[in-house]
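Here is what each chain is made of, one letter per residue.
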Amino acid sequence: MNIALFPDVVVNGETIPSAVIAAEAQNHTAPKDKPGIAWRKAAQALAIRALLLQEAKRRGLTPNPAELAPSRFETEDEALIRALLDEALSIAPVTEDAVRAEWAKDADRFRSAPLWDVSHILCACDPRDEEERMAAEARAHALLARLDGDAKSFATAARESDCGSKTSGGHLGQLGPNDAVPEFEAALRTLPEGGLSPAPVLSRHGWHIIRLNATAPGQVLPYDTVRPKIAQALEKAAWARASRDFIETLAEGAQITGTSLAPI
């Protein structure tokens, strides 16, 4: 990114150099061909940070860094911003009626995790080794071509798997979310019951041919079980709205050049 193309940001006379914004831009996503979007996000974030720190100092607040994890503490700036928001924001408690109304909108959203009964055939390889990866892929395609989707033929072919599950026809048992590597689970979620992955799926273990034997969808959870989760979500949403309103109020009374706080 050519920082000469982007200006410094000035917030109430405090300058945020373009080099600082460029460094912050690395923490923000944007299309590869539109680096200006990451820049604008970074400039906004730093301008908001400056506004909050200026207000905290105007109010005479002092930082008291909290311990976030063993031996890891907030920075003084983070502690100041937290203290400011604790003082400035007044969030009404979430009522029982609000929680129940949110649940009643669509109780079907709140389900236990699904379970998938899964079998697979593994053609193991180190994906970082191109020659090994290509050889294992060719072997996986050859195995897949022999399958007709029938569970019996799958179990027979699974004898050639590089996974210990080959002794049980490739059967892995019941899996839930996060029980398999991400690539495996992503492919699994696209399959109908009795379906085979249309092409081998690569993971850090090698190439998988996946069969979804059966699905047990998650059950709708009772209100008392999901109530704490809904209440927490409503509290977070209220806090986010109050924070945005507070920042907008600060921005309305500020002099800011080099960026805009309008939504990107």
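Going by the structure above, here's the rest.
Residues numbered from 1 in each chain as written. Predicted model: local features only at pLDDT ≥ 70, side-chain atom pairs only at ≥ 80, totals over all residues. Heavy atoms only, no water.

Let's talk about the overall build of the chain
For step 1, the next point in the chain: Helix and strand counts for the chain come out as eight helices and nine strands.
For step 2, the next point in the chain: For a compact globule of 264 residues, the expected C-alpha radius of gyration is about 18 Å, and the chain comes in at 27 Å, more than 25% above that figure.
For step 3, the next point in the chain: Here the chain, with 264 residues, has 34% of them falling under the buried criterion.
For step 4, the next point in the chain: Partitioning the intrachain contacts of the chain with sequence separation of at least 6 by distance along the chain shows that 64% fall at a separation of at least 24. (Helix = DSSP H or I, 4+ residues; strand = E, 2+ residues; numbered from the N terminus. Rg over C-alpha atoms; globule rule 2.2 N^0.38 Å. Buried < 20%, exposed > 50% of the residue type's maximum accessible area, 1.4 Å probe, protein only. Contact = heavy atoms within 4.5 Å.)

Let's talk about unusual backbone geometry
For step 1, the next point in the chain: A positive phi angle, close to 50°, is found at asparagine 12, a residue other than glycine.
For step 2, the next point in the chain: Mapped onto the fold, asparagine 12 is located in the loop between strand E1 (9-11) and strand E2 (14-16).
For step 3, the next point in the chain: Phi angles above zero are rare outside glycine, and asparagine 178 is one such case at about 75°.
For step 4, the next point in the chain: Note on placement: asparagine 178 falls in the loop between strand E6 (171-175) and helix H7 (182-188).

With respect to the sheet that holds strand E5 (residues 115-124)
For step 1, the next point in the chain: Taking strand neighbours across the sheet as the criterion, the four strands line up as E6-E5-E8-E7 in an open arrangement whose pairing is antiparallel. Taken across any chain shown, the strands that pair with only one partner, and hence form the sheet edges, are E6 and strand E7 (201-203). Strand after strand, the sheet turns through a mean of 40° between neighbouring axes, direction not considered.
For step 2, the next point in the chain: As paired strands, E5 and strand E8 (residues 206-216) are joined by 10 bridges and run antiparallel to one another. Directly across from serine 119, in E8, lies its bridge partner arginine 211. (Pairing = 2+ DSSP bridges. Axes fitted to C-alpha atoms, helices over the stretch in contact; angles between N-to-C directions.)

Considering the pattern of salt bridges
For step 1, the next point in the chain: Applying the stated criterion to the full structure yields 13 salt bridges.
For step 2, the next point in the chain: The closest approach of N and O atoms between glutamate 102 and lysine 105, which form a salt bridge, is 3.0 Å. Placement of both glutamate 102 and lysine 105 in helix H4 (residues 96-105) is noted, with a separation of three residues, approximately one turn of the helix.
For step 3, the next point in the chain: Look at lysine 105 and you get exposed, because its relative accessible area is 63%.
For step 4, the next point in the chain: Note that arginine 189 is salt-bridged to glutamate 185, the shortest N-O span being 3.0 Å. (Salt bridge = Lys/Arg side-chain N within 4 Å of Asp/Glu carboxyl O.)

Considering the environment of leucine 202
For step 1, the next point in the chain: When you line up the elements, leucine 202 lands in strand E7.
For step 2, the next point in the chain: Residue classification places leucine 202 among the partly exposed residues on the basis of a relative accessible area of 28%.
For step 3, the next point in the chain: A sequence separation of 164 residues divides leucine 202 from alanine 38, and the C-alpha atoms of the two residues are 31 Å apart.
For step 4, the next point in the chain: Residue contacts for leucine 202: discarding those within four places in its chain leaves Pro127, Arg133, Glu183 and Trp207.

A short note on the sheet that holds strand E9 (residues 256-257)
For step 1, the next point in the chain: Strand order in the open sheet formed by three strands is E2-E1-E9, and the pairing between neighbours is antiparallel. Looking along the sheet, the strands with just one partner apiece sit at the ends: E2 and E9.
For step 2, the next point in the chain: Sheet contacts for helix H2 (residues 35-58): E1, E2 and E9; angle to E1, the most-contacted strand, approximately 20°.

Quick notes on the packing of aromatic side chains
For step 1, the next point in the chain: Summed over the entire model, instances satisfying the criterion amount to one aromatic pair.
For step 2, the next point in the chain: Ring centres of tryptophan 103 and tyrosine 223 lie 5.2 Å apart, and the angle between their planes is 65°; on these two criteria the pair is classed as edge-to-face. Placement of the pair is tryptophan 103 in helix H4 and tyrosine 223 in helix H8 (residues 223-252), with a sequence separation of 120 residues.
For step 3, the next point in the chain: When the ring centre of tyrosine 223 is taken as reference, the NZ or CZ atom of arginine 100 above it lies at 3.9 Å. (Phe/Tyr/Trp six-rings, centres within 6.5 Å; stacked < 30°, edge-to-face > 60°. Lys NZ or Arg CZ within 6 Å of the ring centre and 35° of its normal.)

Considerations on the packing of H2 against helix H3 (residues 76-88)
To characterise two packed helices, one gives the angle between the axes of the helices and the distance between these axes.
For step 1, the next point in the chain: Look at H2 against H3: their axes get within 9 Å of each other, and the N-to-C directions meet at 70°. As the angle between them shows, H2 and H3 are arranged roughly perpendicular. Along its contact with H2, which presents Arg49, Leu52, Leu53, Glu55, Ala56 and Lys57, the element H3 presents Asp77, Glu78, Leu80, Ile81, Leu84 and Leu85.
For step 2, the next point in the chain: In the contact of H2 with H3, the residues fall into seven nonpolar, no polar and five charged. (Parallel < 35°, antiparallel > 145°, perpendicular 65-115°, else oblique. Nonpolar A, V, L, I, M, F, W, Y, C, P; charged D, E, K, R; others polar.)

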